[in-house]
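Here is what each chain is made of, one letter per residue.
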Amino acid sequence: MKAARIKAPRRPALKKPSNPCVKDPVGVYCRVRPLSLPDQECCIEVIDETTVQIHPPEGYRVFRNGEYRETQYSFKEVFGTLVIQKQLFDVVAKPLVEDLIHGKNGLLFTYGVTGSGKTHTMTGSPGDGGLLPRCLDMIFNSIGPFQAKRFVFKLDDKNGVNVQCEVDALLERQKRDAMPIPKTPSGKRQIDPEFADMINVQDHCKAEEVDEDNVYGVFVSYIEIYNNYIYDLLEETPFEPIKPKWNNCNTPVRNGDFIPPQSKILREDQNHNMYVTGCTEVEVKSTEEAFEVFWRGQKKRRIANTQLNRESSRSHSVFIIKLAQAPLDADGDNVLQEKEQITLSQLSLVDLAGSERTNRTKAEGNRLREAGNINQSLMTLRTCIEVLRENQMYGTNKMVPYRDSKLTHLFKNYFDGEGKVRMIVCVNPKAEDYEESLQVMRFAEMTQEVEVARPADRPICGLTPGRRFRNQAFREELQRKLEMRGGPISGEAEEQAFSELFLQNFPPLPSCELLDINDDQTLPKVIEVLEKRHKLRQMLTEEIAKTVLAFKTILQEFDSNVASKDNYIQGKLSEKDKIIAEQKMELERLEKKIKTLEYKIDILEKTTTIYEEDKRNLQQELESKSQKLQRQASDKRRMEARLQGMVAETTMKWEKECERRVAAKQLEMQNKLWVKDEKLKQLKAIVTEPKNEKPERPSRVRDREKPLQRSVSPSPAPSAPAVRLRRRRSRSVGERWVDHKPPSNVPTETVMQPQVPHAITVVAASEKALAKCDKYMLTHQELASDGEIETKLIKGDVFKTRGGGQAVQFTEIETLKQESPTGRKRRSSPPNPDQPEDAADSEWTDVETRCSVAVEMRAGSALGPGYQHHAQPKRRKP
């Protein structure tokens, strides 16, 4: 969806009043065409009058959660394969024709994939006319007796209409009859058999409540939108518009007679309605004449043969029916000449080109470019519908991109509330069109949610209704009375009555009968009367001559005045012609300027669109980066909190480790001091002991019986202080222990036994026991390398975990080991008298060396401090 663009400034104008309170949804209908072959696979079926169901064919089956997926779509009404054209017309198009006659606009378009029956629905086939000929037939059946004479209504170049007087309309008709151009057919002319069956509609459908005090005029135009350009299909061109002649060099022939087709421009009238400038609009007076105009344009429409359709429409065609109506004057004789009372309504019948996939149509070259433009215009139509739906459902005010395509730009006023909109979705149920039909169904379902404002009714003119029939009744009554009186007075009777009236002014003639030859009175009387008549005749002749002379003088003066007025009028006309020529030049200049400005506006709009797209992309990038920064900041905060926790935990751990190492070092130093003290004591004892004679060397048995008598060093009593030092270091006073002794351990009878106060002795570690204690000790036994049992005391601290459980972290290991006394030094043989004395002394085991025992603690390892016995050899006497 595009963002709001900056519109070009326009002059303020009054828009047609519409009723914003009442809105009608776009009427969407669905028509399913029959299959071409009876054995084809079908993927669409009609469920009821408003619902169709579409299911994937065998090659496109989609499963969801292991189930076969079927989709249903609802419409205002669904027409199956057996529905005839009349039933479709009565439901869809007939209300639009009634609105047209009542002065309201309407838009009807067919939408679907290629080969789904859109053109057949709109145009029909021989013997079965489509919606277009039926609409024309209903219009002329309704307004037939109330049509104005040709050229009474005259369309202008600004999407408006004017009313001409009878004289101007007569001159236009005479000029048209004198032109050597083929005229449109009249009712007496034979209809073209090519389309005669399409318009031979026997229904005679009429609209209800037609205003009988109005006169009507019908104008039709036919355009196509090809490659996003608008062309007039009724424009007379010497050659086929899209096929100029080419020479052998593959370049167009320079022919002065060839006129390339000129694309038309869309403009906006004073009521903000879009129209095509310079489009041919033909006034028609019958269904046959209107359909012949349509058929003449239909032959120029661009079609091509593709893999999907033998006659595929390559453009969007728009057939526009304009109905002009104006009220009669108060006498019911002539058309009212006020332009404000003229109503111009139009009905647009649109046959859209079908959407298609190029990989299926095998299009290339021009066909490929045409398919791309068709799909682009249909995509723009879909985008406009989506934006309208979003604005209405969510209350947004996004700009609808009508200008992105000529198709949507032409009909934007319909979606803005200037008429009723209806769409017929044509679908082909064959399996090959499944994916395209699915997209069409989704678009149609979305279109139904768009609402269009209902246009207001036209204002009432204020004249007395029934004027036409009252005038006709008055004329008929006057004719009847004249016939009762003998008919109208002819020219001879009027001349005879004038002569009788003229002779009555003369004196009457006396009786001219002579009965006596001596009668002398009759003749003098006759002579006297004749003389009077002669004098009266002379007087009348003189008066007539004077009158004739005066009349001639008046005629001469009138002729001179007429001549002078003619000269004056000719001068004025020449001046007006100059002004008109200047105004035409000015209009041409302004039109060129308008085209230039429109081109600049298009460029600016495209540039604005690009900038807005860049802006939207930058905004999205900014939002994504902002979200990324926020996520990074939150991650940083979580990492800082985690690091702080880890630092605190590590700090506490190292504090404990430092305390443990300091205590171990202190204990080690104390042990070293104690060993040195013992050595000093032994040295002191040796130094202070009196030197006696060398004792007799006892036998091996005596050595075994009394080994302690030869020792002069103290007994290994310091082992007790060593234990006390360790217990002072262990910090176990006041803490509870878990003493884990597996049942497989062998009891030892050593003097030194591990004693742990406040301990809970278990044979297997349990969470319940660990929860009650702070320390843990495991007694482990293994066989040493010399075959003796070695007991290890593995100690650790108990911690609570985050999950609510217990964990043990091992800190140190103490080792208790036994050694056999057979490993002591003994003399292996009796003394040899030949050996020196020193050698003899070396054969004896130094008891002091064997019995001088010290307890030493090792520290610094990761396993913690432990106990081990070390024999310190005594320095030999000099």
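Residues numbered from 1 in each chain as written. Predicted model: local features only at pLDDT ≥ 70, side-chain atom pairs only at ≥ 80, totals over all residues. Heavy atoms only, no water.

**Structural notes on the packing of aromatic side chains**
So, point 1. A complete count under the given rule lists nine aromatic pairs for this structure.
So, point 2. Centroid distance Tyr-222 to Phe-319: 5.6 Å. Interplanar angle 80 degrees. Geometry classified as edge-to-face. Of this pair, Tyr-222 sits in strand 14 (residues 214–226) while Phe-319 sits in strand 21 (residues 316–327), and the two are 97 residues apart along the sequence.
So, point 3. Summarising the aromatic geometry, the rings of Phe-411 and Tyr-414 are spaced 5.9 Å apart at their centres and angled 55 degrees between planes, so their arrangement reads as tilted.
So, point 4. When its relative accessible area of 1% is taken as the criterion, Tyr-414 is described as buried.
So, point 5. In textbook terms, an aromatic cluster arises when at least three aromatic residues are bridged by ring pairs, as seen for Tyr-222, Phe-291, Phe-294, Trp-295 and Phe-319. (Phe/Tyr/Trp six-rings, centres within 6.5 Å; stacked < 30°, edge-to-face > 60°. Helix = DSSP H or I, 4+ residues; strand = E, 2+ residues; numbered from the N terminus. Buried < 20%, exposed > 50% of the residue type's maximum accessible area, 1.4 Å probe, protein only.)

**Topic: empty space enclosed by the protein**
So, point 1. Applying the stated criterion across every chain yields a total of six cavities of 30 Å³ or more.
So, point 2. Taken as a whole, the largest cavity spans an internal volume of roughly 120 Å³.
So, point 3. At the level of elements, strand 9 (106–112), helix 7 (366–394) and helix 8 (406–410) are the ones that each hand at least two residues to the lining of the largest cavity.
So, point 4. The element that contributes the greatest number of residues to the lining of the largest cavity is helix 7, accounting for four residues. (1 Å grid on protein atoms, 1.4 Å probe; cavity = no way out; pocket = protein on both sides within 12 Å on 5 of 7 lines; lining within 4 Å. Points joined across faces, edges and corners; volume = space filled by probe spheres on them.)

**Here's the deal with the sheet that holds strand 26 (residues 759–762)**
So, point 1. Taken together, the five strands give an open sheet; going across it, the order is 26-25-27-28-29, and neighbouring strands pair in mixed fashion. Looking at strand neighbours, the two that pair on one side only are strand 26 and strand 29 (806–817), the edges of this open sheet. When the angles between neighbouring strand axes are averaged without regard to direction, this sheet yields 25 degrees.
So, point 2. In this sheet, strand 29 lies alongside strand 28 (residues 789–800) in antiparallel orientation, the contact comprising 11 bridges. Across the sheet, Ile-794 pairs through a bridge with Ile-813, a residue of strand 29. (Pairing = 2+ DSSP bridges. Axes fitted to C-alpha atoms, helices over the stretch in contact; angles between N-to-C directions.)

**Details of the pattern of salt bridges**
So, point 1. The final tally for this structure, using the stated rule, is 31 salt bridges.
So, point 2. Between Lys-795 and Glu-812 there is a salt bridge; the shortest N-O distance is 2.5 Å. Of this pair, Lys-795 sits in strand 28 while Glu-812 sits in strand 29; the two residues are 17 residues apart in sequence, bridging distant segments of the chain.
So, point 3. A relative accessible area of 4% means that Lys-795 is categorised as buried.
So, point 4. Residue classification places Glu-812 among the buried positions, given a relative accessible area of 7%. (Salt bridge = Lys/Arg side-chain N within 4 Å of Asp/Glu carboxyl O.)

**Considerations on the confidence of the model for the chain**
So, point 1. Taken as a whole, the chain shows an average pLDDT of 77; of its residues, 72% reach a score of 70 or greater.
So, point 2. Low pLDDT (under 50) marks residues 183–188, which in the prediction has 12 contacts with non-local residues, meaning those over four places away or in another chain.
So, point 3. In the predicted structure, residues 239–252 sits below a pLDDT of 50 and forms 17 contacts with residues beyond four places in sequence or in another chain. (pLDDT = per-residue confidence, 0-100. Contact = heavy atoms within 4.5 Å.)

**Side note on helix 5 (residues 287–298)**
So, point 1. For helix 5, built from 12 residues, the straight-helix expectation of 16 Å at 1.5 Å per residue is met to within 8% by its first-to-last C-alpha distance of 16 Å.
So, point 2. Where helix 5 is concerned, the buried positions are Thr-287, Glu-289, Ala-290, Phe-291, Val-293, Phe-294, Trp-295, Gly-297 and Gln-298.
So, point 3. Where helix 5 is buried, its residues contact helix 2 (118–123), helix 3 (131–143), strand 14, strand 18 (282–284) and strand 21. (Expected span 1.5 Å × (residues − 1).)

**Side note on the environment of Pro-145**
So, point 1. Along the chain, the position of Pro-145 falls in the loop between helix 3 and strand 12 (153–155).
So, point 2. Taking the C-alpha atoms as reference, Pro-145 lies 9.5 Å from Tyr-216; in sequence the two are 71 residues apart.

**Considering the packing of helix 1 (residues 85–101) against helix 3**
So, point 1. Between helix 1 and helix 3, whose axes approach to 9 Å, the crossing angle comes to 45 degrees. Viewed along their axes, helix 1 and helix 3 adopt a mutual orientation that is oblique. Regarding helix 1 and helix 3, the two cross each other, and that crossing is right-handed. Contacts from Gln-85, Lys-86, Leu-88, Phe-89, Ala-93, Lys-94, Val-97, Glu-98, Leu-100 and Ile-101 in helix 1 reach Leu-131, Arg-134, Cys-135, Met-138, Ile-139 and Ser-142 in helix 3. (Parallel < 35°, antiparallel > 145°, perpendicular 65-115°, else oblique. Left-handed = near helix turned anticlockwise from the far one by under 90°.)

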